[in-house]
Amino acid sequence: MQAPASALCISLLAILLIALSYRVVRLRQKLGVGLGDGGQPELQQAMRVQANAAEYIPAAMLLLLAFEINGGATWLALLLGVVFVAGRAYHAWGFSRRKGPSRGRVYGTVLSWGVILALALANLALLAM
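Thresholds, definitions, all that
Residues numbered from 1 in each chain as written. Predicted model: local features only at pLDDT ≥ 70, side-chain atom pairs only at ≥ 80, totals over all residues. Heavy atoms only, no water. Core = buried A, V, L, I, M, F, W, Y, C linked by side-chain atoms within 4.5 Å. Buried < 20%, exposed > 50% of the residue type's maximum accessible area, 1.4 Å probe, protein only. Helix = DSSP H or I, 4+ residues; strand = E, 2+ residues; numbered from the N terminus. Contact = heavy atoms within 4.5 Å. Axes fitted to C-alpha atoms, helices over the stretch in contact; angles between N-to-C directions. Parallel < 35°, antiparallel > 145°, perpendicular 65-115°, else oblique. Left-handed = near helix turned anticlockwise from the far one by under 90°. Nonpolar A, V, L, I, M, F, W, Y, C, P; charged D, E, K, R; others polar. Expected span 1.5 Å × (residues − 1). Salt bridge = Lys/Arg side-chain N within 4 Å of Asp/Glu carboxyl O. pLDDT = per-residue confidence, 0-100. Phe/Tyr/Trp six-rings, centres within 6.5 Å; stacked < 30°, edge-to-face > 60°. Lys NZ or Arg CZ within 6 Å of the ring centre and 35° of its normal.

Moving on, we get to the nonpolar core. Residues Leu13, Leu20, Ile57, Met61, Leu64, Phe84 and Leu119 are the most contacted members of the largest nonpolar core, which totals 22 residues. In terms of residues, this core owes the most to one element, helix H2 (residues 41-69), which gives seven residues. Excluding residues within four positions of it along the chain, leucine 64 makes contact with Ala5, Ser6, Cys9, Ala77, Gly81 and Leu119. Listed in part, the five residues of the second largest apolar core include Val24, Leu27, Val33 and Leu43.

It is at 10 Å that the axes of helix H1 (residues 4-31) and H2 come closest, and there the two elements cross at 165°. For the element pair H1 / H2, the angle class is roughly antiparallel. The way H1 lies across H2 gives a crossing that is left-handed. In terms of residue class, the contact of H1 with H2 is built from 20 nonpolar, three polar and five charged.

What follows deals with H1. With 28 residues, H1 should reach 40 Å at 1.5 Å per residue; the first-to-last C-alpha distance of 41 Å fits that figure. For H1, the full list of buried residues reads Ala5, Ser6, Cys9, Leu13, Leu16, Leu20, Val24 and Leu27. Immediately downstream of H1, the backbone of glycine 32 shows phi near 70°, a positive value.

This paragraph deals with the pattern of salt bridges. Taken as a whole and judged by the stated rule, the model has two salt bridges. Lysine 30 is the salt-bridge partner of glutamate 42, the closest N and O atoms lying 3.9 Å from each other. Here glutamate 42 is found in helix H2, whereas its partner lysine 30 is found in helix H1, with twelve residues between them in sequence. For glutamate 42, a relative accessible area of 38% corresponds to the partly exposed category. We note a salt bridge from glutamate 55 to arginine 48, for which the minimum N-O separation is 3.2 Å. Glutamate 55 sits in the partly exposed class, given a relative accessible area of 46%. On the basis of relative accessibility, which here comes to 36%, the residue arginine 48 falls in the partly exposed class.

Of all residues in the protein chain, 100% have pLDDT values of 70 or greater, and the mean over the chain is 95. By mean pLDDT, helix H3 (residues 74-97) is the weakest element of the protein chain at 95, and H1 is the strongest at 97.

Moving on, we get to the packing of aromatic side chains. By the definition in use, this model includes two aromatic pairs. Measuring from ring centre to ring centre gives 5.9 Å for tyrosine 90 and tryptophan 93, while their planes differ by 0°; the resulting arrangement is stacked. Of this pair, tyrosine 90 and tryptophan 93 are both found in helix H3, three residues apart, which corresponds to roughly one turn of the helix. Pairing tyrosine 90 with tyrosine 107 gives two aromatic rings, centres 6.1 Å apart and planes at 20°, and the pair type is stacked. Highlighted residues: tyrosine 90 in helix H3 and tyrosine 107 in helix H4 (residues 103-128), separated in sequence by 17 residues. The class for tyrosine 107 is partly exposed, based on a relative accessible area of 44%. Among the aromatic residues, ring-to-ring pairing joins Tyr90, Trp93 and Tyr107 into one connected group. Across the ring face of phenylalanine 95, the terminal group of arginine 105 is positioned such that the distance to the ring centre comes to 3.8 Å.

Rendered as structure tokens:
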């Protein structure tokens, strides 16, 4: 069985994660910090943006893949996956621009949580069939 929606979204999110990781590496080089955050607020923030993505992406993509493999509609998997990708990108953008609450961070979180919840419920519904 193929899972094209999952493959697309996992690939896009891997690229996002590499971009966020690269930002951390660049800041480490610029600030001369080899381990930890060196007490540098800019590096602390970049590390949290990267870590936040790394925390949410795996669970969401496992749920998406399970949904698609277990017979969920590809169009729905694609829709939910694209919304999750947009949410993660929006969150990373908003969180990178300011430490406190921001529109991007809030909307990105709502989109991400909404997709994770929808996929969890959709997977449970598929199991009940």
